[in-house]
Amino acid sequence: MKHVLSCEQYTRESLEELYNLADDIANNPEKYKNVLADKIIATMFFEPSTRTRLSFETAILKLGAKLISTENAASNSSSRKGESIEDTINVVQQYADAIVMRHSDDHAAEKAAKIAKVPILNAGSGKGEHPTQALLDVYTIRKHKGKIDGLKVAILGDLMYGRTIHSLIKLLSLYNNIEIYGLSKKEFALPGKYVDMLNERKVKYTVCHSFDDIPTDVDVMYHTRIQSERFEGDFGKEEFIINKEVLNNFSKDTLVLHPLPRLEEISTDIDDDPRALYFEQAANGVPIRMSLFLKAFEIK
Ligand code: CP
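Here we summarise the structure given alongside this text. (Residues numbered from 1 in each chain as written. Predicted model: local features only at pLDDT ≥ 70, side-chain atom pairs only at ≥ 80, totals over all residues. Heavy atoms only, no water.)

## Considering the sheet that holds strand E6 (residues 179–183)
Each strand in a sheet pairs with its neighbour through backbone hydrogen bonds, running either in the same direction (parallel) or in the opposite one (antiparallel). As a reminder of what qualifies: At least two bridges found by DSSP between two strands are what make those strands a pair. The helix and strand labels rest on DSSP assignments: H or I over at least four residues marks a helix, E over at least two residues marks a strand, and numbering proceeds from the N terminus. Throughout, an axis means a line fitted to C-alpha atoms (over the contacting stretch in the case of helices), and angles, computed between N-to-C directions, take values from 0 to 180 degrees. Whether two residues are in contact is decided by their heavy atoms: any pair within 4.5 Å suffices.
The 5 strands lie next to each other as E7-E6-E5-E8-E9, forming an open sheet whose pairing is parallel. Whereas interior strands pair on both sides, the edge strands pair on one side only; in this sheet they are strand E7 (204–208) and strand E9 (255–257). Adjacent strand axes in the sheet meet at a mean angle of 20°, parallel and antiparallel pairs treated alike. This element, helix H6 (residues 131–145), spans strand E8 (220–222) and E9 of the sheet and lies at about 165° to E9.

This is the structure we're talking about:
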């Protein structure tokens, strides 16, 4: 049994294994059609989701497993009556062979895993981590760049509360000679603990104040939405918007990624640009999450 709790649990080798499996699944879908026919998998989303939930559920169905789900678990499950995460997991595991969970608590996945006898897959935990998103993000970058070592990656938007950012930089830090450039409004700067982590892992981190501070040959620009649901007050809209005019200042090989949903931070006028990969990212969620189930059940 293998949980997916945090990007801390991965190594370069385990990522390579996962990505090779995802490639095989994408190239040979017939081979994997019924491999989980004897499994029931539960999805419990205590926060809204489109991509993560539906791609997990697509992965479940493509592997031949059966799905049980609570839509909007925050209001439709017994957590609304005050049931703890631990008790909810203890009950759901009586029915399901694995549990996919998204929760507003930064430590929800660890709390669940502590008592779970079935695999827990973290589909986003508060402002902490979104490991399966980062796994598909790096998979998408690897597909297009052929490698991760030596890449320059700009992270933009909400570096403070953006769990996809926190997970992504953990995965990137596994590779050699990575340079990361952070561009955000000052209220949404990368928290010190993550800057310290990057320093400790010998990843060069540069705080940027405008697009001009990002090298024009940066390999990836990874933008994110301001996570207004995670803080009190109004810090206004995103200042740093990637549109056609901005993107034209960067290399023809600069990829644009975003976990979605987007607000104003990426203009729709670049959607047809071959460098804009955010919809492909969403598609890559399926083979990655299929691979994660196979690993969770130790089938591969
Ligand atoms: N990327 C992501 O987590 O999207 P959803 O919130 O729609 O699942």
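That covers the picture; the talk isn't over yet.
## Things to note about the pattern of salt bridges
Keep this limit in mind: Here a salt bridge means any side-chain nitrogen of Lys or Arg lying within 4 Å of a carboxyl oxygen belonging to Asp or Glu. A simple rule labels every residue: compare its accessible area, found with a 1.4 Å probe on the protein chains alone, to the largest value its type can have, and call it buried under 20%, exposed over 50%, or partly exposed in between.
Applying the stated rule across the entire model yields 21 salt bridges. In this structure, the salt-bridge partner of Arg-12 is Asp-149, at a minimum N-O distance of 2.8 Å. In this pair, Arg-12 is assigned in helix H1 (residues 12–27) and Asp-149 in the loop between H6 and strand E5 (152–156), connecting sequence segments 137 residues apart. For Asp-149, a relative accessible area of 25% puts it in the partly exposed group. Asp-106 is paired through a salt bridge with Lys-127; the nearest N and O atoms lie 2.7 Å apart. With a gap of 21 residues between them, Asp-106 in the loop between strand E3 (98–103) and helix H5 (108–115) and Lys-127 in the loop between strand E4 (120–125) and H6 connect regions that are remote in the sequence. Under the relative-accessibility criterion, Asp-106 is labelled partly exposed at 23%. The network of salt bridges with shared partners includes Glu-8, Glu-129, Lys-170 and Arg-201.

## Here we look at the site of the ligand
Put simply, the test is: What makes a residue near a molecule or strand is one non-hydrogen atom of that residue sitting within 4 Å of it. Here a polar contact is taken to be a pair of N or O atoms separated by no more than 3.5 Å, where protein atoms must pair a possible hydrogen donor with a possible acceptor and residues adjacent in sequence count only if both atoms sit in side chains. Accessibility throughout is a Shrake-Rupley quantity obtained with a 1.4 Å probe, and a residue counts as covered only by protein chains that appear here. We call Asp, Glu, Lys and Arg charged. Ala, Val, Leu, Ile, Met, Phe, Trp, Tyr, Cys and Pro are nonpolar, and the rest, Gly among them, are polar.
Surveying the vicinity of the ligand reveals the residues Ser-49, Thr-50, Arg-51, Thr-52, Arg-102, His-130, Gln-133, Pro-259 and Leu-260. Within the side chain of Ser-49, a nitrogen or oxygen atom sits 2.6 Å from an oxygen atom of the ligand. In this structure, an oxygen atom belonging to the ligand sits 2.9 Å away from a side-chain N or O atom of Arg-102. Here the ligand loses 91% of its free accessible area of 260 Å² to cover by the protein chains. For the shell around the ligand, a count of residues per class yields 2 nonpolar, 5 polar and 2 charged.

## A look at a nonpolar patch on the surface
The following threshold applies: Patch membership needs two things, relative accessible area over 30% and no salt bridge, and members are linked within 9 Å if like-charged or within 5 Å if nonpolar (Val, Leu, Ile, Met, Phe, Trp, Tyr).
Among the surface-exposed residues, Ile-40, Ile-68, Val-91 and Tyr-95 lie close enough to one another that they form a single nonpolar patch of about 330 Å² accessible area. Secondary-structure assignment places Val-91 in helix H4 (residues 85–92). Under the relative-accessibility criterion, Val-91 is labelled partly exposed at 36%.

## Here we look at unusual backbone geometry
Of the consecutive residues Leu-260 and Pro-261, the connecting peptide bond is found in the cis state with omega at 5°. Along the polypeptide, Pro-261 turns up in the loop between E9 and helix H10 (278–296). Non-glycine residue Lys-202 carries a positive phi angle of around 65°. For Lys-202, the location among the structural elements is in the loop between helix H8 (192–200) and E7. When its relative accessible area of 72% is taken as the criterion, Lys-202 is described as exposed. Positive phi, close to 65°, is recorded for Leu-260, a residue that is not glycine. Its location among the elements puts Leu-260 in the loop between E9 and H10.

## Side note on the nonpolar core
Using the following cut-off: To qualify as a nonpolar core, a set must consist of buried Ala, Val, Leu, Ile, Met, Phe, Trp, Tyr and Cys residues joined through side-chain atoms within 4.5 Å. Domain segmentation is taken from an automatic or database assignment of domains.
Within the largest apolar cluster, 59 residues are counted, with the highest numbers of intra-cluster contacts made by Tyr-19, Ile-41, Leu-135, Ile-155, Leu-171, Ile-180 and Phe-293. Looking at which domains feed residues into this core, each of domain 1 (7–129 + 285–296) and domain 2 (131–282) supplies at least three. The residues touching Tyr-19, leaving out its near neighbours within four places in the chain, are Ala-134, Leu-135, Val-138, Tyr-139, Arg-142, Leu-171 and Ile-288. Ranked by size, the runner-up nonpolar core spans 20 residues in total, among them Cys-208, Leu-247, Phe-250 and Ile-270.

## Focus on the pairing of E4
Rules: By convention a crossover is right-handed if, when the strands point away from the viewer, the path from the first strand over the helix to the second runs clockwise.
Here E4 lies mainly inside the structure; 6 of its 6 residues are buried. Each parallel crossover has a hand, and for E3 linked through H5 to E4 it is right-handed.

## Quick notes on the pairing of E6
Counted residue by residue, E6 has 4 buried out of 5 residues, so it is predominantly covered. Judged from the 5 bridges that link them, E5 and E6 form a sheet pairing that is parallel. When the bridges of E6 are listed, Ile-155 appears paired with Gly-182. Following the chain from E5 across helix H7 (residues 163–172) to the adjacent parallel E6, one finds a crossover that is right-handed. Pairing geometry for E6 and E7, over 5 bridges, is parallel. Following the sheet pairing, Tyr-181 is matched in E7 by Thr-206. Once you follow E6 into H8 and on to E7, the crossover reads as right-handed.

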